[in-house]
Amino acid sequence: MLNFNGMDNMSQFPYGISVMEITYVVASVLFILGLKMLSHPLTARRGNILAAFGMGFAIIATILFHKKDGEPIGNIPWILAAIIIGTVIGWIIAKKVKMTAMPQLVSFFNGMGGAAAALISMMEFPHVSSDLIARQGMANGQVLAILLGLMIGTISWAGSMIAFGKLDGWIGDLRIRSLKYVNIAILILLIGFIVFIMTRDVEAASELTHWIYIMFAVAVIYGVLFVMPIGGADMPVVISLLNSFTGVAAAMGGFLYNNQAMLTGGILVGSAGSILTVLMCKAMNRSLLNVIVGVFGGGGQSGLEATGSIKEITLSDAAVLLSYSKKVVIVPGYGLAVAQAQHICHELDKILDEKGVEVRYAIHPVAGRMPGHMNVLLAEADVPYEQLIESDEINPDLPNTDVVVVIGANDVVNPAAEDDPSSPIYGMPIVKARNARNIIVMKRGMGKGYAAIENLLFFDNKTRMLFGDAKSSLQNLVNEVKSL
Amino acid sequence: MENILGFFLQHREAIFIVILSVFLGIEVISHVPAILHTPLMSGANAIHGVVIIGAIIVMGHAETTGSMILGFLAVVLGTLNVVGGFVVTDRMLEMFKKKK
């Protein structure tokens, strides 16, 4: 912050600091504009690039002009080396990873930010000025910012790594009902640490450094246990929540350094991330508390019994049915993503389009493993986004739809969400596939969806099952339609 | 009580920014279509990489070898967050095309 009282010597006007602060203002504006533009399809890409420029400016200005107690930034060669290493690794990972692995990648990068915030807190703690401690004791704003930054950053890092492992499939769910009590106890313990450290009567913060490491370890345990029991459909909510955690942790750094760019950027992400989290919870008709402490899936036994039987359909029948329809709606789910079938799916819709069939996609907000996951995948396959319709919008039109093709989706078309109050997904908005004239369900087998509950849609009289891997099924279907 | 009031007085600018940013964040994001949720989350993820500024400051004033190593690590991780975040978001958005 510009300190005019320190400018007794008028010849020493702090040009550098002024330039830096102005750059921070510009960076903050670019972050805000970037986020704003990211929320519209046409401007989203430019918005992202704009925010990236803001970040670049802020970084350069900090390296060139930042002063702490009159000291400029040192170790510049090392800083540049670290930035180059981070850039190369980050760039390569981001470019190489498959589109289906996007959710875990976001989680991974989020964890990196959390870890950086935690490291900053750990290193700054022993350096809290002893003047400040002499004046106000340990209970001052700086110590609070450091401790909160450490706690939130560490939880975000540990949690994100677990979320990364889960989505990547090498960490399973841990569902123990008593775990939530353990978690609440650990959370209280962490807050206890903060109170304890802030009420110590010491001359220098460095006397308490060992407590910082203990607190770090406990926060790691909390982060791990916090995410361990959460599974399946709730994963996106957790990633979004951890995302906003990291934002808050970054803002703590802004508070500590009196750095407005960090403060605005961090809080902006913190609040935007929280509201996104709430939006996602709403899409599943669940409360945030329910997601965090509730144990989802497996528990709910359907009160409704399956009536009717599973009926299969042959490829040629399916091809005929589709080719002679007027309106077809495709409901994609995670099965489409794992089978990497988005391209062949688009091929099917193009061929049908040539035959005069109107093909649209019904996108459920939480289909896949992240909100908008399906949009990203289908966009990768060049499906124009005008063809992707949100479930609320397409539902009224489904009774006039000849065929709904459900590809690897389950819970998002499960009528139990409307009929069965005992079902764990009761009340969740769904794609009302059963209202269509015919339903074709492509599935690998009779396994249950991620929420592990029975789906009565599969037993419906209008439903025909097409078992097999989504990619090969679609490929065969395309060949059949072509040969008609 | 005095402590708490004093705290507010001392940090009023930061508290002001925090409160306004909270509303701004909510306002900016509340009209986003579900289609853009994933890229938006990813873009926001990149923006909180601004924590890298803190890492640079820490590294820039590190004196002992230990703090040099930790600072170096913090800058690397912060850069990963920033660069990875923006590149991944761009890759996602690259695929949103308008129908010709």
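Residues numbered from 1 in each chain as written. Chains lettered and ligands numbered in written order. Predicted model: local features only at pLDDT ≥ 70, side-chain atom pairs only at ≥ 80, totals over all residues.

## So, the overall build of chain A
- Helix and strand counts for chain A stand at 18 helices and eight strands.
- Oriented by its inertia axes, the alpha-carbon framework of chain A measures out at about 85 × 50 × 35 Å.
- With 484 residues in all, chain A has 51% of them scored as buried.
- Taking the intrachain contacts of chain A between residues at least 6 apart in sequence as the baseline, contacts between residues at least 24 apart amount to 80%. (Helix = DSSP H or I, 4+ residues; strand = E, 2+ residues; numbered from the N terminus. Buried ≥ 20, exposed ≤ 12 C-beta atoms within 10 Å, placed from the backbone. Contact = placed C-beta atoms within 7 Å.)

## Points about the interface of chain A and chain B
- The partner chain B presents 78 residues to the 95 residues of chain A that form the contact.
- Of all the elements in the fold, those that place two or more residues in the side of chain A that touches chain B are α1 (15–38), α2 (44–65), α3 (76–96), α4 (102–124), α9 (235–257), α10 (260–283), α15 (373–380) and β5 (388–390) of chain A.
- Broken down by element, the side of chain A that touches chain B gets its largest block of residues, 16 residues, from α10(A).

## As for unusual backbone geometry
Residue and element names in this part refer to chain A.
- Even without a glycine there, the phi angle at Q340 is positive, about 55°.
- Note that Q340 resides in the loop between α13 (334–338) and α14 (342–354).
- Of note in this structure, D382 is not a glycine but carries a positive phi near 70°.
- Assignment of secondary structure puts D382 in the loop between α15 and β5.
- The exposure class assigned to D382 is partly exposed, which follows from the 13 C-beta atoms found within 10 Å.

## With respect to the pairing of strand β7 (residues 438–443) of chain A
Residue and element names in this part refer to chain A.
- Burial within β7 is extensive, with five of its six residues counted as buried.
- Here β7 pairs with strand β8 (residues 463–467) via five bridges, running parallel. By the bridge assignment, V441 is partnered in β8 with M465. (Pairing = 2+ DSSP bridges.)

## Some points on the sheet that holds β8(A)
Residues and elements named next belong to chain A.
- If you trace the six strands from one edge of the open sheet to the other, you get β5-β4-β3-β6-β7-β8, paired in parallel fashion. Only two strands of the sheet have a single neighbouring strand rather than two, namely β5 and β8. Shown here is a sheet whose adjacent strand axes are inclined to one another by a mean of 25°, direction ignored.
- Each of β3 (327–332), β4 (358–363) and β6 (403–407) touches α14; the most contacted strand, β3, lies at about 175° to it. (Axes fitted to C-alpha atoms, helices over the stretch in contact; angles between N-to-C directions.)

## Here we look at the nonpolar core
- Counting 196 residues, the largest nonpolar core has A:A116, A:V331, A:V406 and B:V75 as the members making the most contacts within it.
- When sequence neighbours within four positions are dropped, the list of residues in contact with B:V75 reads A:I79, A:A82, A:I83, A:G86, B:I52, B:A55, B:I56 and B:M59. (Core = buried A, V, L, I, M, F, W, Y, C linked by C-beta atoms within 7 Å.)

## Some points on the packing of helix α3 (residues 37–47) of chain B against helix α5 (residues 65–94) of chain B
Residues and elements named next belong to chain B.
- Two elements in contact, α3 and α5, have axes separated by 8 Å at closest approach and are oriented at 160°. Put simply, α3 runs roughly antiparallel to α5. The handedness of the crossing between α3 and α5 comes out as left-handed. Each of T38, P39, S42, G43, N45 and A46 in α3 lies in contact with α5, whose residues at this interface are V82, G85, F86, V88, T89, M92 and L93.
- Class assignment for the residues of the contact of α3 with α5 results in seven nonpolar, six polar and no charged. (Parallel < 35°, antiparallel > 145°, perpendicular 65-115°, else oblique. Left-handed = near helix turned anticlockwise from the far one by under 90°. Nonpolar A, V, L, I, M, F, W, Y, C, P; charged D, E, K, R; others polar.)

## Digging into the domain arrangement of chain A
- Each assigned domain of chain A is listed with its residue range as follows: domain 1 (1–96), domain 2 (102–296) and domain 3 (315–483).
- Taken over C-alpha atoms, the centre of domain 1 of chain A sits 45 Å from the centre of domain 3 of chain A. (Domains from an automatic or database assignment.)

## Points about the environment of A:A27
- Looking at the element boundaries, A:A27 is found in helix α1.
- Non-local contacts of A:A27, meaning those with residues more than four positions away in its chain, are made with A:G54, A:M55, A:F57, A:A58 and A:A261.

## Re the environment of A:I120
- The residue A:I120 is located in helix α4 in this model.
- Judged by C-beta crowding, with 34 C-beta atoms within 10 Å, A:I120 ranks as buried.
- Those residues in contact with A:I120, other than ones at most four positions away along the chain, are A:G149, A:G253, B:G54, B:A55, B:V58 and B:A74.

## Overview of the confidence of the model for chain A
- Confidence in the prediction of chain A, expressed as mean pLDDT, is 86, and 92% of residues score 70 or more.
- Confidence over residues 1–10 of chain A falls short of pLDDT 50; this stretch has seven contacts with residues more than four positions distant or in other chains. (pLDDT = per-residue confidence, 0-100.)

## Some thoughts on the packing of α1(A) against α10(A)
All names here are of chain A.
- Contact geometry of α1 with α10 gives a least axis separation of 8 Å together with a crossing angle of 15°. As summarised for this structure, α1 and α10 are arranged roughly parallel, according to the angle between their axes. Taken as a pair, α1 and α10 cross one another with a handedness that is right-handed. Contacts between α1 and α10 involve Y24, A27, S28, F31, I32 and L35 on the former and, on the latter, Q260, A261, T264, G265, L268 and A272.

## Side note on the domain arrangement of chain B
- Segmentation of chain B into domains returns domain 1 (1–31) and domain 2 (33–100).
- Its C-alpha centre places domain 1 of chain B at a distance of 24 Å from the equivalent point of domain 2 of chain B.

## Looking at α14(A)
Residue and element names in this part refer to chain A.
- Taking 1.5 Å per residue as the helical rise, α14 with its 13 residues ought to reach 18 Å, and the 19 Å between its terminal C-alpha atoms agrees with that figure.
- Within the sequence span of α14, burial applies to Q342, I344, C345, H346, L348, D349, I351 and L352.
- One or two steps after α14, the chain reaches G356, where phi turns positive at roughly 85°. (Expected span 1.5 Å × (residues − 1).)

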